[in-house]
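# Reading the structure
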Amino acid sequence: DKSYLLMFDVTYAHAIDAIAQRLQPFQNLVVSTLKPFDEAAAAAAAAAAEAAKSAEQVGAQPGSGAEINRLGRSFTLHEGQQLSDYTVLYIGPESRTLTNMMMVFNKCPFHRFNPTDSSTRLETLNVNRALMKRYFLIQKAKEANTVGIIAGTLGVADYKAAIQQLKLMCQRAGKKVYLFVMGKLNVAKLANFAEIDIYTLVACPENSLIDSTEFYRPVVTPYELEIACEKSMSWTGDYETDFRTILPSLQQLNLADATGDDSEEPEYSLITGSYKQRPEHAAVAAAAIAAAGAAGAVTARNNQTAIAQLPAAQHLASRTFRGLEQRLGETEVTTAVQGAVGIAMGYNSEPQTQ
């Protein structure tokens, strides 16, 4: 009586037609197919999500007969059934693809068959615990003043548009943005930029979920950053790892609220248990501070006593080591002398060894 959804690793895509042919007697089985990302499908999904929000159906899953395009797979549900009614049968080894699917389809149990050793198992990834960890990172992103956007791909379509929309969203939320282009991430690379409070990685879905436990600063997905920056959005338990899926909603939100939120109302932090004033980094204030030329220079933001300050200048002023000091006028001038001649393995002034 149960309904099943057959999904697979791309390695076994060539055999899915034969498998589906042999499983035709099972009427309660839905077989997914590979389908490259379609912008029209993403726009339709965003419009459907907006309609559901206006009807106070946020979090509702696609209804019966709806075609679903997620993570490069396409399938159509049976009439009268929801996605949560299905058990996913996955063909392939344990991989990032499987982890992504379990996060996105987190209301469905997963059974995995590995053709390599003909083993079958019920996947026991604690999805709820993983989602709780991601929710904690969303709270960290809400409190971040400075965001680093990492371009982790130069080959995925629409990555430039996604970066631009994320920058606009962060600026509307009063956060300072820096852009980085990196290959493979590691702890040492990201630790070089202590001024950044949190990073977001724009990459393909299988590389977007980063376990940043050992990192100096957390790394979140664009979807998590969107929830953190948009007050109108709330955590529903649904999850997305493909930044192209949320791109239409980002564009709509940035167009609807191009001026940003100037509210002075403080926000409550679930991490510290206290209220925190929202950061303000308006473009005019940042330009005025940059023109001032001095670290720690401030400029009036409004007619009251509030001031705006560049976060990088604040961080530099608070550091104990700020680089080599010039000490102009304090160093005694001496005549130039000849240095060592030769190469490192043996300078001319060193005794020769046989």
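To start, this report covers the structure provided alongside it. (Residues numbered from 1 in each chain as written. Predicted model: local features only at pLDDT ≥ 70, side-chain atom pairs only at ≥ 80, totals over all residues. Heavy atoms only, no water.)

Phi at leucine 71 is positive, roughly 55 degrees, even though this residue is not glycine. Its location among the elements puts leucine 71 in the loop between β4 (67-70) and β5 (73-76). Located in the positive-phi region is serine 118, a residue other than glycine, with phi close to 55 degrees. Along the chain, the position of serine 118 falls in the loop between β7 (110-114) and β8 (119-122). Accessibility expressed as a relative area gives 54% for serine 118, which makes it exposed. (Helix = DSSP H or I, 4+ residues; strand = E, 2+ residues; numbered from the N terminus. Buried < 20%, exposed > 50% of the residue type's maximum accessible area, 1.4 Å probe, protein only.)

Within the structure shown, the criterion is met by four aromatic pairs. Each member of the aromatic cluster is reached from another via a ring pair, and the members are Phe180, Phe193 and Tyr199. Looking at arginine 73, its charged tip hangs above the ring of phenylalanine 8, at a distance of 5.8 Å from the centre. (Phe/Tyr/Trp six-rings, centres within 6.5 Å; stacked < 30°, edge-to-face > 60°. Lys NZ or Arg CZ within 6 Å of the ring centre and 35° of its normal.)

Right, let's talk about the pattern of salt bridges for a bit. Within the structure shown, the criterion is met by seven salt bridges. With its nearest N and O atoms 3.1 Å apart, the salt bridge here joins lysine 107 to aspartate 238. You can see lysine 107 sitting in the loop between α3 (96-104) and β7 and its partner aspartate 238 sitting in the loop between α8 (222-229) and α9 (243-256), a full 131 residues away along the chain. The salt bridge partner of glutamate 123 is arginine 112, with a shortest N-O separation of 2.6 Å. One end of the pair, glutamate 123, is in the loop between β8 and α4 (127-143); the other, arginine 112, is in strand β7, and 11 residues separate them in sequence. Both residues of the pair, glutamate 123 and arginine 112, belong to the buried class. (Salt bridge = Lys/Arg side-chain N within 4 Å of Asp/Glu carboxyl O.)

It is worth stressing that arrangement in space is one thing and function is another; only the former is reported here.
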